[in-house]
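# Chains, contacts and geometry: an overview
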Amino acid sequence: MALLELKHTDISYGKRLIVKDCNLTMNQGEIVSIVGESGSGKTTVIRAVLGLLPGGGKVTNGDILFEGETLLNKSKDEWRKLRGTDISMIFQDSGAMMNPTRKVGDAFVEYILTHEKISRKDAWDKGVEMLERMRLPDGNNIMRSYPFQLSGGMRQRVGIAMGMTYQPKLLLADEPTSALDVTTQAQIIRQFMELRDEYGTSIIIVTHNLGVAAYMADYLIVMKNGVIEDQGDRDHMLHQSDNAYTKKLLDAVPSLGGTRYV
Amino acid sequence: MFDEKDMILEAKHITRKFPAAGGRTLVACNDINLKMYKGKTLGLVGESGCGKSTFMRFLVALDTPTEGEIIYKGRDITKLKGEELRQNRQNIQMVFQDPSGSFNPKMKIRDIICEPLLNFKRIKKSEVDKVAREYLEMVDLPGDFADRYPHNMSGGQRQRIAIARAIALEPEIIVMDEATCALDVSVQKTIIELIVNLQKKKNITIGFIAHDLGLIQSFAHQIAVMYLGNIVEILPAEDIDKHAMHPYTKALLGAVFDLNMDFSKKIESIDSEAPSPLDAPAGCPFCDRCDRCMPICKEKRASLITVEEGHEVACHLYTKEA
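What comes next concerns the included structure. Note that the structure is predicted; figures quoted are calculated from it, not measured.

Here the focus is the packing of aromatic side chains. A complete count under the given rule lists nine aromatic pairs over all chains for this structure. An angle of 85° between the planes, with centres 5.1 Å apart, marks the rings of Tyr227(B) and Phe286(B) as edge-to-face. With Tyr227(B) in strand 9 (residues 222–227) and Phe286(B) in the loop between helix 9 (247–254) and helix 10 (295–299), this pair connects stretches of sequence that are 59 residues apart. For the pair shown, Tyr227(B) and Phe286(B) are each scored as buried. Among the aromatic residues, those joined into a ring-pair cluster are Phe108(A), Tyr111(A) and Tyr166(A).

Structure representation (structure tokens):
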């Protein structure tokens, strides 16, 4: 059984149809990259998977199946059990998703206690352990910091640590590295790859950086104006795709030793 | 590759210090020496907070260095004042990262493009419409855009307007601060092509700030790599991946994701992040993160030495005494 399946999914904000006829099947341990320009609907798709469409957003047609079960008529309680345990999400700036007036540790402990009946002390230790596993040195110190005291790369690692606490089957990442420096970006990407290798986590990554998308993906999806313009295995997409838009996008990526304009 | 007689701007020993909390001093630029050549592009690369924007702002006199001088047309432009400074602005113009933030939202495109020309009395008010259309066409936009407001345009179109405004005064030098990083890659490509075409047509010198080596090497002539306020390497942009010598430049190259790379290759990137410029190490600024750090690196800062024509590197691995 496929881990996640989107079947002819249409997503609308109010009366405006934003994403049309989206089809996707992914299995455990696979990494899917969704690329496209701003406004192509790529974030809308992964938000729909997690039931997090902003005001007025709705799946108007088709179905979204997670392990064979539809996600479309889940109650609040069912969502609460699913989110953060089986499906997690990492945002562009994990610092912005945290309450700026509370320390990282408070938020982390509260998150763990929502999902598990353990003591605060154990929850704290679990948080520290997760932070250190994500290569953040001195987890206790991080837990005692406010989000603004951490650098962008560290905040993103905290986000990944939180998202990975319950070893979700599916990790959704929305532009997880766009706000980071290139060397930090490389470190975070490496971390994502290790998650897949160690835990068999499936990942959907939404990005506009085609280099990153291609490096990570088993399967690439190109979106344009709310429609899946082209999709396929990475090698197929990079070398054999006949789609004009895919070719145009690939051609626009600057590469070392590639086209020079001067 | 670069002829000394084509050199039009030279920055000498530029240092900029900012006062920081607790009586400490933040050194944003430390003894920067750079040369810019007629009709060539200088790419300035580095991570956030390395001082690359601080340096470029000196060229357009948005800030003045604590020490050092910038020689342009035989004069130190950091000391210019009043009318002289105003006149000099015609020669060096700037394009900012976020074009929507650098336009007055209440002005029409026509007035945005022509404002500098009117300020310097190059054209009459009656000519505004005609001239605006000319410049719009020069940046491959329809002339009718003259009637629009900035918010009616896409990011790529706005960036073209910013370029049109910058070239309106026919400057010799244009400084571009991450001018394409807010854009989609397909749009980015068209903007780069536009910049390169304009450069060839008008023989403009460009100072381009970027954090993406993959992008900058595709259209720059020379690249300066900055780290924590220091220039660590200056090298020709062509075949940068083969010539790079400084461990930091190599680390930056290792962090480039492009489509021709070997996808099975493990990512080789340095761990850890750049320290705050307030706590820069005493010796080589990169010594804490460098995998080839030697004892001397922790004590003494290496100065730039020339390894071949147009290629300088500041690293003890390549100094003879070490």
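Judged by nonpolar contacts, the single largest core of 129 residues is most densely connected at Phe192(A) and Ile223(B). When residues are assigned to domains, this core turns out to be shared by domain 1 (4–91 + 171–318) and domain 2 (103–167) of chain B, each giving three or more. In this view, Phe192(A) contacts Ile90(A), Ile160(A), Leu171(A), Ala173(A), Pro176(A), Ile203(A) and Met216(A); residues no more than four positions away in its chain are not counted. Val45(A), Ile64(A), Leu82(A) and Met223(A) belong to the second largest nonpolar core, which has 32 residues in total.

With that settled, the discussion passes to the side chain of Thr246(A). Looking at where Thr246(A) falls in the secondary structure, it is placed in helix 11 (residues 244–252). With relative accessibility at 3%, the residue Thr246(A) sits in the buried group.

On to the packing of helix 4 (residues 104–115) of chain A against helix 7 (residues 152–164) of chain A, then. Residues and elements named next belong to chain A. Viewed as axis vectors pointing N to C, helix 4 and helix 7 meet at an angle of 15°, and their least axial separation amounts to 11 Å. If you check the angle between helix 4 and helix 7, you find them roughly parallel. Crossing of helix 4 over helix 7 shows right-handed handedness. Listed contacts from helix 7 to Val104, Ala107, Phe108 and Tyr111 of helix 4 are Val158, Ala161 and Met162. Its residues placed into classes, the contact of helix 4 with helix 7 shows seven nonpolar, no polar and no charged.

Quick look at the sheet that holds strand 1 (residues 7–19) of chain B now. All names here are of chain B. If you walk across this open sheet you meet the four strands as 2-1-4-5, and the pairing is antiparallel. Strands at the two margins of the open sheet, each flanked by one partner only, are strand 2 (25–37) and strand 5 (75–76). Two strands pair when backbone bridges link them, and strand 1 and strand 4 (residues 67–72) are joined in this way by five bridges, in the antiparallel orientation. Its bridge partner lying in strand 4, Thr15 is registered against Glu67.

Criteria and cut-off values
Residues numbered from 1 in each chain as written. Chains lettered and ligands numbered in written order. Predicted model: local features only at pLDDT ≥ 70, side-chain atom pairs only at ≥ 80, totals over all residues. Heavy atoms only, no water. Phe/Tyr/Trp six-rings, centres within 6.5 Å; stacked < 30°, edge-to-face > 60°. Helix = DSSP H or I, 4+ residues; strand = E, 2+ residues; numbered from the N terminus. Buried < 20%, exposed > 50% of the residue type's maximum accessible area, 1.4 Å probe, protein only. Core = buried A, V, L, I, M, F, W, Y, C linked by side-chain atoms within 4.5 Å. Domains from an automatic or database assignment. Contact = heavy atoms within 4.5 Å. Axes fitted to C-alpha atoms, helices over the stretch in contact; angles between N-to-C directions. Parallel < 35°, antiparallel > 145°, perpendicular 65-115°, else oblique. Left-handed = near helix turned anticlockwise from the far one by under 90°. Nonpolar A, V, L, I, M, F, W, Y, C, P; charged D, E, K, R; others polar. Pairing = 2+ DSSP bridges.

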